[in-house]
Amino acid sequence: MPEGNEIRMKGLGVSPGVAIGCAMVSVHAQSYEKADGTPALTDPKREEERFLKAVAESRRQLVELRERLKQEGKVKEAEIFEAHALFLDDPEVLGPIKKKIDKGVGAEAALNNVMNRCLAVFEKIGTPAAERQAADVRDITARILNNLGGGPAEVLKKGGILVARELAPSETADLEKREVAALVTEYGGSTSHTALVAQAMDLPAVLGVANLLTHIEDGDLLVVDGTKGEIIINPSPETQAIYGEMLAEQRRERSELKALRGVKAKTKDGRSVTLLGNITIPEETKRLIEYGAEGIGLYRTEFLFMGRRELPDEEEQYANYAKAVVAAEGKPVTIRTLDLGGDKFAAVLGKTRESNPFLGWRAIRICLDRPDFFRTQLRAMIRAANLGNVRIMFPMIATVEEFRHAKSLFLEAKAELTARGEKVKEYIPCGMMVEIPAAALMADHFAKHVDFFSIGSNDLVQYTLAADRGNAKVAKLYDALHPAVLRLISMTVEAARRGERKIDVCCCGAAAGKPESGLLYLGLGVNELSMPAEAQSIMKRAMARFDFEDCENAARKIAQAPDFDTYKELRAEWAAQFKKEREK
Ligand code: PEP
Ligand code: MG
């Protein structure tokens, strides 16, 4: 074992690959407040201590500054900092912040929240004096944030490794621009949106590293091993050399996979399968098509709605959807209607805090309650359909009634466009996500109404096993190959094939992009798999090493395992066979 001061920490390897770079500890991401406004796991006592320490340090700095300026004869400037120091003693400011911290909100988030309210008041007054006071508030906030552990602005150097307590989906949106090399967080599970974004961008990522931020400092050299689920802080020269070689091997492997991009996905015995891609922003489409995807199986539209004050109007939405449809060059683009709620939060729809957001007002439930908003999104999608091959998909459908209601609003949206004199395609397929166990159990009812099914394994697993998809503590319960999950998938496929219309069944959850689960789903009869770009070639390579019958037999046996021990054995057998095949 290499020695030295290196620190090894375990987490969940949610996106494979290795990276070496400097840690960039994100101040914004250190916020303890979750994206939906609910307090995350904090220790109020520790938070209050951190906060008071940062305030004390800020006060000390201000007094020092004031004294220096006075000595230099700059009395007016000194007065400004005197006022700042007084502000730090104001119970009307500190009180509400402490109250928030007491309730479990992180120090940074509590500070930002209260200070933003102060700012709003000054900005409303609008006089020059109030403007000056607002500038003071900004200054003080930046100083305290700084003393809480980082700079007020997130400055990520090229090739840096983003380190954060937890990332809200909106915070992961511009990682590409910032050329981040890897992601590491203290919270988050294997199907959290941070994981999905990391996979979509081929960024090695380790999430759920307990006590991460107490061990890591901005600028530390860091190794991230997303395959193993490990990070190494301040790696020894030996470790650096080992990982340097792994990086070179990773580059070689990536070039081998590149050669598979133009090859059709087929099992060893020639059964062909459609591989599609998942996107969150339209710009990803081009890359997916280059990676060999035969279309888009899931366009998550919610990213367009996050982190903003006003809803995007029909034109803005249309421009986005159209971009993806055009970039797909006639290949199918499955656009999913808004799936906010759960771990994806947007204040813009007036969603308030819920004690159980994954079981609450989420996705289609919000859309059906806000028909004006929903029809706007549908109109934008219907218009984009004129430019290519669009399929519309409704998320979180639990009852046939919901699907019918959504479909009727789709028809209304179509009629609105026709009344406006716009041309609309006669047939646009409308399908649903199967991600609630009830939908899978009742798939035969749904099959009479829908044009396709798409299994959302991320949610289906979470709801079937009652294991939060983003909670590292229950990650071991979260099992995409659990017989209960396989049986639900099998029921969905059977219902799709039994009906008169023989509809397609896709799977677009993270498990679809992992050969070990993806091949089993194929064995159950799923005929399309939708995944991130890098997973495409890996899946093709794995698929070419198995006969369809192998996948079918393994899937059926695991799904019908008579008891838990047999299940474990069968699963291990499959994994071993898989590993053997993988190494050939
Ligand atoms: C899923 O649940 O598997 C899915 C694809 O949807 P999301 O991850 O966006 O909830
Ligand atoms: Mg889902």
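What you see is a predicted model; the values in this text were computed from it and never measured.

This paragraph deals with the nonpolar core. Formed by 105 residues in total, the largest nonpolar core has its most connected members in Phe374, Ile392, Phe394, Phe453 and Leu519. A total of eight residues in this core trace back to one element, the largest contributor, which is helix 13 (residues 371-385). Ala54, Leu65, Ala110 and Val114 belong to the second-largest nonpolar core, a separate cluster that totals 31 residues.

This part covers the sheet that holds strand 11 (residues 332-336). The strands that make up a sheet pair up through hydrogen bonds in the backbone, lying either parallel or antiparallel. The parallel closed barrel is built from eight strands, whose spatial order is 9-10-11-12-13-14-15-16. When the angles between neighbouring strand axes are averaged without regard to direction, this sheet yields 30°. Both strand 10 (residues 296-300) and strand 11 contribute to a ladder of three bridges, which runs parallel. Each residue of the ladder has a partner; that of Arg300, found in strand 11, is Arg336.

Bringing the coordination of the magnesium ion (ligand 2) into the picture now. Glu435 (OE) and Asp459 (OD) make up the full set of protein donors to the magnesium ion (ligand 2), lying at 2.0 to 2.1 Å. Taken together, the residues span a long stretch of sequence, with Glu435 in the loop between strand 13 (430-434) and helix 15 (437-441) and Asp459 in helix 17 (residues 457-465) at a distance of 24 residues. By the burial criterion, Glu435 is buried, and Asp459 matches it.

With respect to the secondary-structure elements, Thr337 resides in the loop between strand 11 and helix 12 (364-369). Sequence-distant contacts of Thr337, defined by excluding residues within four places in its chain, comprise Thr301, Glu302, Ile364, Phe374, Gln377, Leu378, Met381, Ile392, Met393, Phe394 and Pro395.

What follows deals with the pattern of salt bridges. Overall, the coordinates contain 37 salt bridges when judged by the stated rule. Two residues, Lys286 and Glu290, come together in a salt bridge whose shortest N-O distance is 3.3 Å. Of this pair, Lys286 and Glu290 both sit in helix 10 (residues 284-290), four residues apart, roughly one helical turn. On the basis of relative accessible area, Glu290 is assigned to the partly exposed category, the value being 43%. Close ionic contact of Arg375 with Glu412 constitutes a salt bridge, the shortest N to O distance being 3.2 Å. With a gap of 37 residues between them, Arg375 in helix 13 and Glu412 in helix 14 (residues 400-419) connect regions that are remote in the sequence. Judged by its relative accessible area of 15%, Arg375 is buried.

All right, on to the environment of Leu417 then. Note that Leu417 resides in helix 14. Residues Leu417 and Ala380, spaced 37 residues apart in sequence, show a C-alpha to C-alpha distance of 9.7 Å. Contact partners of Leu417, with chain neighbours within four places excluded, come to Glu314, Arg379, Ile382, Arg383, Glu422 and Val424.

Along any regular strand the residues' side chains alternate between the sheet's two faces. Residues Phe452 and Ser454 point to one face of strand 14 (residues 452-455) and Phe453 and Ile455 to the other, with burial holding for every one of them. Across four bridges, strand 14 lies against strand 15 (residues 504-507) in parallel orientation. Each bridged residue has a counterpart across the sheet, and for Ser454 the counterpart in strand 15 is Cys506.

On the basis of which strands lie adjacent, the open sheet formed by eight strands has the order 1-8-7-3-4-5-6-2 and mixed pairing. The strands lining the two open edges of the sheet, one partner per strand, are strand 1 (7-10) and strand 2 (12-15). Along the sheet, successive strands turn relative to each other by an average axial angle of 30°, direction set aside. As defined by bridge partners, strand 7 (residues 221-225) adjoins strand 8 (residues 230-233) across four bridges and the pair is classed as antiparallel. What sits directly across from Val224, in strand 8, is Ile231. Where helix 7 (residues 193-200) meets the sheet, it contacts strand 2, strand 5 (182-185) and strand 6 (205-207), and its direction lies at approximately 50° from that of strand 2. Where helix 9 (residues 237-258) meets the sheet, its contacts fall on strand 1, strand 3 (18-25), strand 7 and strand 8, and the angle it forms with strand 3 comes to roughly 115°.

A few words on the side chain of Asp479. If you trace the backbone, Asp479 turns up in the loop between helix 17 and helix 18 (483-498). Accessibility expressed as a relative area gives 11% for Asp479, which makes it buried. With near-sequence residues (within four places) excluded, Asp479 lies in contact with Val461, Leu465, Val485, Tyr567 and Arg571.

With that settled, the discussion passes to the pairing of strand 16 (residues 528-531). On strand 16, burial covers both faces: Glu528 and Ser530 on one face and Leu529 and Met531 on the other are all buried. Across four bridges, the pairing between strand 9 (residues 274-279) and strand 16 is parallel. Bridge assignment links Gly277 to a residue of strand 16, and that residue is Met531. Strand direction decides the pairing type here: strand 15 and strand 16, joined by two bridges, are parallel. Bridge pairing in strand 16 links Cys506 to Glu528.

To continue, consider the site of ligand 1. Residues in contact with ligand 1 amount to 17 residues; listed here are only the nearest, Arg300, Arg336, Gly456, Asn458 and Arg469. Within the contact set of ligand 1, an oxygen atom lies 3.0 Å away from a side-chain nitrogen or oxygen of Glu435. The protein chains hide 100% of the 280 Å² of surface that ligand 1 would expose on its own. Going through the elements one at a time, helix 7, strand 10 and helix 17 are the ones with two or more residues in the shell around ligand 1. A total of three residues in the shell around ligand 1 trace back to one element, the largest contributor, which is helix 17.

A cluster of nonpolar side chains, contributed by Leu441, Met442 and Met491, occupies part of the molecular surface with about 250 Å² of accessible area. Mapping Met491 onto the fold places it in helix 18. What makes Met491 partly exposed here is its relative accessible area of 34%.

Between its terminal C-alpha atoms helix 13 stretches 20 Å, which fits the 21 Å expected from 15 residues at 1.5 Å a residue. Of all 15 residues that make up helix 13, 13 are buried, and the element is covered over most of its length.

Rules and cut-offs
- Residues numbered from 1 in each chain as written.
- Chains lettered and ligands numbered in written order.
- Predicted model: local features only at pLDDT ≥ 70, side-chain atom pairs only at ≥ 80, totals over all residues.
- Heavy atoms only, no water.
- Core = buried A, V, L, I, M, F, W, Y, C linked by side-chain atoms within 4.5 Å.
- Buried < 20%, exposed > 50% of the residue type's maximum accessible area, 1.4 Å probe, protein only.
- Helix = DSSP H or I, 4+ residues; strand = E, 2+ residues; numbered from the N terminus.
- Pairing = 2+ DSSP bridges.
- Axes fitted to C-alpha atoms, helices over the stretch in contact; angles between N-to-C directions.
- Donors = N, O, S within 2.8 Å, 3.2 Å for Na, K, Ca; no water.
- Contact = heavy atoms within 4.5 Å.
- Salt bridge = Lys/Arg side-chain N within 4 Å of Asp/Glu carboxyl O.
- Near = heavy atom within 4 Å.
- Polar contact = N/O pair within 3.5 Å; in protein donor to acceptor, adjacent residues only side chain to side chain.
- Areas by Shrake-Rupley, 256 points an atom, 1.4 Å probe, with all protein chains shown as cover.
- Patch = residues over 30% accessible without salt bridge, like charges linked within 9 Å, V, L, I, M, F, W, Y side chains within 5 Å.
- Expected span 1.5 Å × (residues − 1).

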